[in-house]
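Okay, here's what each chain looks like letter by letter:
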Amino acid sequence: MPAAPAPPPAACQLRAAVKDDGASGYVHSFQTGSVVDGPGVRFVLWTTGCLMRCLYCHNPDTWHLKHGEPTSVDEMMAEIGKYERVLKMMGGGVTISGGEPLVQAPFVTRLFRACKALGLHTVLDTNGYLGHRISDEELEDVDLVLLDIKSFDPETHKRTTGYPVDDVLAFARRLSDLGKPAWIRFVLVPGLTDNEANVDGLAAFVAGLDNVERVEVLPFHQMGRDKWERLGRSYPLADTPPPDDALVARVEDQFRAYGLPVR
Ligand code: SF4
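Residues numbered from 1 in each chain as written. Predicted model: local features only at pLDDT ≥ 70, side-chain atom pairs only at ≥ 80, totals over all residues. Heavy atoms only, no water.

Participant: Is there a simple way to think about the overall build of the chain in this case?
Facilitator: The helix and strand tally for the chain stands at 10 helices and 8 strands. Rg of the C-alpha trace for the chain: 18 Å, near the compact-globule value of 18 Å for 263 residues, within the 12% margin. Each of the 263 residues in the chain was classed as buried or not, and the buried ones make up 52%. Pairs at least 24 apart in sequence give 73% of the contacts found in the chain among residues at least 6 apart. Counting only carbon and sulfur atoms, one obtains 52% of the accessible surface of the chain, whose full area is about 11,500 Å². A gap of 5 Å separates the mean positions of the 27 positive and 36 negative side-chain charges of the chain. (Helix = DSSP H or I, 4+ residues; strand = E, 2+ residues; numbered from the N terminus. Rg over C-alpha atoms; globule rule 2.2 N^0.38 Å. Buried < 20%, exposed > 50% of the residue type's maximum accessible area, 1.4 Å probe, protein only. Contact = heavy atoms within 4.5 Å. Areas by Shrake-Rupley, 256 points an atom, 1.4 Å probe, with all protein chains shown as cover. Lys, Arg positive; Asp, Glu negative; His and termini not counted. Charge placed at Lys NZ, Arg CZ, Asp CG, Glu CD.)

Written out as structure tokens, the structure is:
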């Protein structure tokens, strides 16, 4: 989980901070020592800006670019460089998450290029909707993609995120065609994404890809609720309970039935 949001920068700082060439961007927060955002022990950087408005989002404080701190690639790499040795020793690397990192694709791809120059393993944590913003060549600097597919059923995807699913699935197929390793993440929300046909459709789709190293079923939780309330928003899933063990097991088994590695 990201730390507390940085105070919004002044408008003039904002305009100066994001250059089209990606030399700088907006950073919400960063943290060293994550073991849940890719292999090994990782430095995780959360960028700001996201198009989606997922009903269960636990980082609504990353939605707007202006929630971030203007930061240059050089500044960020100076921070990452402090941990280079330990990240390598612990089999980890750098994960860029958000928000949606590809909102700031030029900044993010520059960071990945700089990380690879240090020999660090790189992970892109994305909702996939803006996959067209990263080129095949730029993807060469990404070792692993954590791809959130919020739903296979188009209507459920729209209801959950506000956006259609087609571009997400197209990005998933493109990653498969490129042979780019991916972990697929699916947030299981009772009464929203748990429909059997929805899960089956997603499992069949993912089983048809050639690059999937694992599937993670992430049980919905209420941990984002406080942030929504602090931002003056009413939390749409306030009355939704986390899935019970039986539901999680049923959904994981649905993925396993298609031969997928569920972790
Ligand atoms: S894609 Fe991620 S950051 Fe964006 S709204 Fe959904 S959960 Fe939140």
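Participant: Looking at this structure, I do not really get the packing of aromatic side chains. What am I missing?
Facilitator: How two aromatic rings sit relative to each other is given by the distance of their centres and the angle of their planes. Summed over all chains, the structure comprises 7 aromatic pairs. Taking 5.8 Å as the distance between ring centres and 40 degrees as the angle between the ring planes, the aromatic pair formed by F43 and Y83 counts as tilted. With F43 in strand β2 (residues 42-47) and Y83 in the loop between α2 (73-81) and α3 (84-89), the pair connects residues that are 40 residues apart, well separated along the chain. Taking the centre distance of 6.0 Å and the plane angle of 35 degrees together, the rings of F152 and F205 count as tilted. One end of the pair, F152, is in the loop between β6 (144-148) and α6 (154-161); the other, F205, is in helix α8 (residues 196-207), and 53 residues separate them in sequence. What makes F152 partly exposed here is its relative accessible area of 27%. (Phe/Tyr/Trp six-rings, centres within 6.5 Å; stacked < 30°, edge-to-face > 60°.)

Participant: Before we go on, may I ask you to explain the nonpolar core in this structure?
Facilitator: I149 and F255 are the most contacted members of the largest nonpolar core, which totals 64 residues. If you tally residues by element for this core, the top one is helix α4 (residues 105-117), at 6 residues. Once residues lying within four places of it in the same chain are set aside, the contact partners of I149 are V168, L169, A172, I184, R185, F186, L202 and F205. (Core = buried A, V, L, I, M, F, W, Y, C linked by side-chain atoms within 4.5 Å.)

Participant: What is the right way to look at α4 in this model?
Facilitator: Since one α-helical turn is 3.6 residues long, residues separated by three or four positions face the same way. For α4, with 13 residues, the first-to-last C-alpha span of 18 Å sits near the 18 Å given by 1.5 Å per residue. Every buried residue belonging to α4 is among A105, F107, V108, T109, L111, F112 and C115, and all of these are buried. Among the residues trailing α4, G119 stands out with phi positive, at a value near 80 degrees. (Expected span 1.5 Å × (residues − 1).)

Participant: For this particular structure, what's the right way to read the environment of D148?
Facilitator: If you trace the backbone, D148 turns up in strand β6. Ignoring sequence-local partners within four residues, the contact set of D148 consists of D125, T126, N127, V168 and R185.

Participant: Which parts of the structure should I look at to understand the environment of E229?
Facilitator: With respect to the helices and strands, the residue E229 is situated in helix α9 (residues 225-230). For the pair E229 and H132, spaced 97 residues apart in sequence, the C-alpha separation works out to 33 Å.

Participant: Help me understand the pattern of salt bridges, please; the structure alone is not making it clear to me.
Facilitator: When the charged atoms of two side chains with opposite charge come close together, those side chains can pair. The final tally for this structure, using the stated rule, is 14 salt bridges. In this structure, R110 engages D21 in a salt bridge whose closest nitrogen and oxygen atoms are separated by 4.0 Å. You can see R110 sitting in helix α4 and its partner D21 sitting in the loop between α1 (11-17) and β1 (24-34), a full 89 residues away along the chain. Residues joined in a network through salt bridges with shared partners are D125, R185, R214 and E216. (Salt bridge = Lys/Arg side-chain N within 4 Å of Asp/Glu carboxyl O.)

Participant: Which parts of the structure should I look at to understand unusual backbone geometry?
Facilitator: Here G98 and G99 are connected by a cis peptide whose omega angle stands at 20 degrees. Here G99 is to be found in the loop between β4 (93-97) and α4.

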